[in-house]
Structure formats: C-alpha cells, structure tokens
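# A closer look at the structure
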Amino acid sequence: MNRLTMIPVALALVAVIPAQAESVDERVAASQAAIQDFAGSLQGHLMEAMQEGGPTEGISVCRQVAPQIAEDISAETGWSVGRTSLKLRNPDNAPDEWERAVLEQFEARRAAGEPASELVYHETVQEDGEEVFRFMRAIPTGGLCLTCHGSELGGDIQHALERLYPEDQAVGYSEGDVRGAFTIIQRM
Ligand code: HEC
C-alpha cells in the first residue's frame, strides 16, 4: 500500500470546495464532492488490494486506509468527515445521537422503497451553542462488500475479523441494504 497514491485526492478537493462555502446548496455540493472522493478512493484501494492480495489484504485497507482517507479529507476541508453505521464493525465509528436518528430515517426510507444509493440528509443544527451544518449520505451494500459484510464469510476472513473485531456486528448484509453512511460536520 502506497500512501503517495492518496495525494491526488487531496489536490482534487481544493478545486471543488469554495473558500467560503456559504449557501446550503454550496455546502451540499461540497459535501457530495468530498464524499465522492472518499468513496472513489477507498473503492479503488480496496479493489486493488483484493485483486493483488485477496480479501485479507482488503481488510487492512478498510482498517488502515479508510480512516486515513477520512483524516486527509478532514484536514483538507477543516470539516469532520467519517463513516458510521447502526451495526458497527469498529466501535470507533459509532454514531452520535443525530447520526443515529438519520441512520434510522435512512432505514425507514429504504423500507418504503427509496434506493440506498439516493438516501441523503442534511440539516443545520445547534451544537454547544454553535451552528453546524451536518450532512449524511447512505452507503449502499454492493456485491463486493458481501465478502466481508455478508452472511457467509470465508474461513480466513471470518478468523481475521474475529481476531481484530471481537464485537463485530457488521455482517449479515444483502446487496442493496444500507451498510452505513458517510457523515460530515461543517462548522459555520
Ligand atoms: C476485505 C473486507 C472488507 C470489504 C470487502 C468491505 N469491508 Fe467494510 N469494513 C471492513 C473492515 C475491516 C472495517 C472496519 C474498519 C475500521 O476498523 O475502521 C469495515 C468498516 C466499514 C464501515 C464503517 C462502519 C463500521 O462498521 O465500522 C462501512 C460503512 C463499511 N465498512 C462499508 C463497506 C462497503 C459499502 C463495502 C463494499 C463497497 C465494504 N465495506 C467492503 C472490511 C471490509
């Protein structure tokens, strides 16, 4: 895994994020762009690792590269950017109260027929006396994800996951389910 391959992500973002994102539309567009970069970069690294080293190599991408990309984009934008879920693999990704409510809203909208790929929610909220813009976009479960989040995991993967994540809840998903969400906090 080459850290240098992440540099283009950071550079690409400079172009899409206005110096002072002001209107809600601008904040939404900038959030979408950042998430696009996060998702694209992660998926690229994951597929490459799995092709070269198999699923166990993929685990180290999810474990090390995903938080690194989140950190890079957070540093680049000054926002807080991450991933969360109702059923966690890594407890560090636990949702706060607002995120939990949005994840539950996504589940309800999905149950009512909206595709997971279209679930987005944003709101300007007061936190500790400060106005913040919060944005979430659902992460759909694709075929590739089932290798590590599905119902039937290979022996190697299951062992590796049990060792690294003894309280893993992030299994049993089917294609099209909401696996979790990207989440962004922009201080205003
Ligand atoms: C090779 C195994 C593997 C594959 C394939 C995989 N994941 Fe994961 N996933 C993990 C691991 C390991 C973690 C825990 C990462 C960490 O420690 O932060 C994780 C964490 C996550 C999280 C963060 C929330 C949590 O539960 O901690 C989301 C969201 C997620 N994966 C979505 C996906 C999606 C969507 C796909 C398919 C595009 C996918 N994953 C494919 C192994 C995998």
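None of the values given here were measured: they were computed from a predicted structure.

### Brief notes about the site of the ligand
- The local shell around the ligand holds 25 residues, among which G58, C62, C145, C148 and G180 are the closest.
- Contributions of two or more residues to the shell around the ligand are made by α3 (55-77), α5 (146-149) and β4 (178-187).
- Of the residues in the shell around the ligand, the class split is twelve nonpolar, nine polar and four charged.

### Regarding the environment of Q105
- By secondary structure assignment, the location of Q105 is in helix α4 (residues 97-111).
- With 14 residues separating them along the chain, Q105 and L119 place their C-alpha atoms 9.3 Å apart.

### Looking at the nonpolar core
- If you look at the biggest cluster of nonpolar residues, it comprises 32 residues, and the most contacted ones within it are A34, F38, F106, A138, A181 and F182.
- Element by element, the count of residues in this core is highest for helix α2 (residues 24-53), at seven residues.

### Some details on the sheet that holds β4
- Read across the open sheet, the four strands follow the order β1-β4-β3-β2; overall the sheet is antiparallel. At either margin of the open sheet sits one strand with a lone partner, and together these are β1 (80-84) and β2 (120-127). Each neighbouring strand pair of the sheet contributes to a mean axis angle of 20°, computed without reference to strand direction.
- Here eight bridges tie β2 to strand β3 (residues 130-140), and the two strands are oriented antiparallel to one another. Each bridged residue has a counterpart across the sheet, and for Q126 the counterpart in β3 is E131.
- On top of the sheet, α2 reaches β1, β2, β3 and β4; it is set at about 130° to β4, its chief contact.
- Against the sheet, α4 contacts β1, β2, β3 and β4, and its axis sits at roughly 135° relative to β4.

### Some words on the packing of α2 against α3
- At a minimum axis separation of 9 Å, α2 and α3 run at an interaxial angle of 155°. As far as their axial angle goes, α3 and α2 are roughly antiparallel. Crossing hand, α2 versus α3: right-handed. Judged by residue contacts, A34, D37, F38, S41, L42, H45, L46, A49, M50, E52 and G53 of α2 engage P55, T56, E57, G58, V61, C62, V65, A66, I69, A70, I73 and T77 from α3.

### Examining the pairing of β2
- Across the eight residues of β2, zero count as buried, placing the element largely on the outside.
- Hairpin geometry of β2 and β3 is characterised by an intervening segment of two residues between the two adjacent antiparallel strands and by a positive phi of about 50° at D128.

### Observations regarding α2
- In a regular helix each residue adds 1.5 Å, so 30 residues correspond to 44 Å; α2 covers 42 Å between its end C-alpha atoms and thus fits that length.
- Considered for burial, the residues of α2 that qualify are R27, A30, S31, A34, I35, D37, F38, S41, L42, H45, L46 and A49.
- One or two residues past the end of α2 sits G54, with phi positive at roughly 80°.

### Quick word on α3
- In a regular helix each residue adds 1.5 Å, so 23 residues correspond to 33 Å; α3 covers 31 Å between its end C-alpha atoms and thus fits that length.
- A bend of about 30° at V65 is the largest found in α3, and the proline P67 appears one to four places after it.
- For α3, the full list of buried residues reads G58, I59, V61, C62, V65, I69, D72, I73 and T77.
- Immediately downstream of α3, the backbone of G78 shows phi near 80°, a positive value.

### Topic: the pairing of β4
- A large share of β4 lies buried, amounting to seven of its ten residues.
- Where β1 lies against β4, five bridges are found, and the strand directions are antiparallel. Residue pairing for β4: V81 is matched across the bridge by I184.
- In this structure, β3 lies alongside β4, joined through nine bridges in antiparallel fashion. Residue pairing in the sheet places P140 in a bridge with V178 of β4.

Rules of the game
- Residues numbered from 1 in each chain as written.
- Predicted model: local features only at pLDDT ≥ 70, side-chain atom pairs only at ≥ 80, totals over all residues.
- Near = placed C-beta within 6 Å.
- Helix = DSSP H or I, 4+ residues; strand = E, 2+ residues; numbered from the N terminus.
- Nonpolar A, V, L, I, M, F, W, Y, C, P; charged D, E, K, R; others polar.
- Core = buried A, V, L, I, M, F, W, Y, C linked by C-beta atoms within 7 Å.
- Buried ≥ 20, exposed ≤ 12 C-beta atoms within 10 Å, placed from the backbone.
- Pairing = 2+ DSSP bridges.
- Axes fitted to C-alpha atoms, helices over the stretch in contact; angles between N-to-C directions.
- Contact = placed C-beta atoms within 7 Å.
- Parallel < 35°, antiparallel > 145°, perpendicular 65-115°, else oblique.
- Left-handed = near helix turned anticlockwise from the far one by under 90°.
- Expected span 1.5 Å × (residues − 1).
- Bend = angle between axes of the 7 residues up to and from the residue.

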